[in-house]
Amino acid sequence: GNDYNKEKKFQHLTEIRDDKKVTVVRGGQKQEVSAFDLVVGDVVEIEAGGTIPADGVYLRGQDVSVDESPMTGESDSVRKDEEEQPFLLSGCLLLEGVCTMMVIAVGPNSQWGKLSALLG
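It should be emphasised that the depicted structure is a prediction, and the values quoted were computed from it without experimental measurement.

Engineer: Could you give an account of the environment of Trp 112, with specific residues and numbers?
Structural biologist: Following the sequence through the fold, Trp 112 ends up in helix H3 (residues 111-119). With sequence-adjacent residues up to four places away left out, Trp 112 is seen in contact with Pro 70, Met 71, Ser 90 and Gly 91.

Here it is in structure tokens:
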């Protein structure tokens, strides 16, 4: 029983830690929402230093560079644009620039979620 309670508390603390606020545009209005409340189709704004909260497609931005090492193991940063490198993976860090993306997968359906389930 004791280990179970510790595990539940740890899970709750992890959820709080992972509960990042993100800026989304819904109905033409910018608003702050929990990363847990993102849905497919949301338009999300990310600035340098921010973690990509869900898998998405690059819509627009400026000088966007991403650290994809949590997902790919590649230490080199990856430049993103709408033509050649449009996919943004959840859990990766935006190193430079600002960008707007459309969410295409969240939670267990995201690449991060699939990887977590495999390692889980």
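Engineer: Residues and numbers for the pattern of salt bridges, please.
Structural biologist: Pairing is possible between side chains of opposite charge, provided their charged atoms come close. Applying the stated criterion to the full structure yields four salt bridges. Across the pair Asp 42 and Arg 26 runs a salt bridge whose closest N-O atoms are separated by 2.7 Å. One end of the pair, Asp 42, is in the loop between strand E2 (29-34) and strand E3 (43-47); the other, Arg 26, is in strand E1 (residues 21-26), with 16 residues separating them in the sequence. In this structure, Glu 96 engages Arg 79 in a salt bridge whose closest nitrogen and oxygen atoms are separated by 3.7 Å. Placement of Glu 96 in strand E7 (residues 93-105) and of Arg 79 in strand E5 (residues 78-79) is noted, with a sequence separation of 17 residues between them. Arg 79 gets classed as partly exposed once you look at its relative accessible area, which sits at 47%.

What counts as what
Residues numbered from 1 in each chain as written. Predicted model: local features only at pLDDT ≥ 70, side-chain atom pairs only at ≥ 80, totals over all residues. Heavy atoms only, no water. Helix = DSSP H or I, 4+ residues; strand = E, 2+ residues; numbered from the N terminus. Contact = heavy atoms within 4.5 Å. Salt bridge = Lys/Arg side-chain N within 4 Å of Asp/Glu carboxyl O. Buried < 20%, exposed > 50% of the residue type's maximum accessible area, 1.4 Å probe, protein only.

Read these as geometric descriptors, not functional statements.
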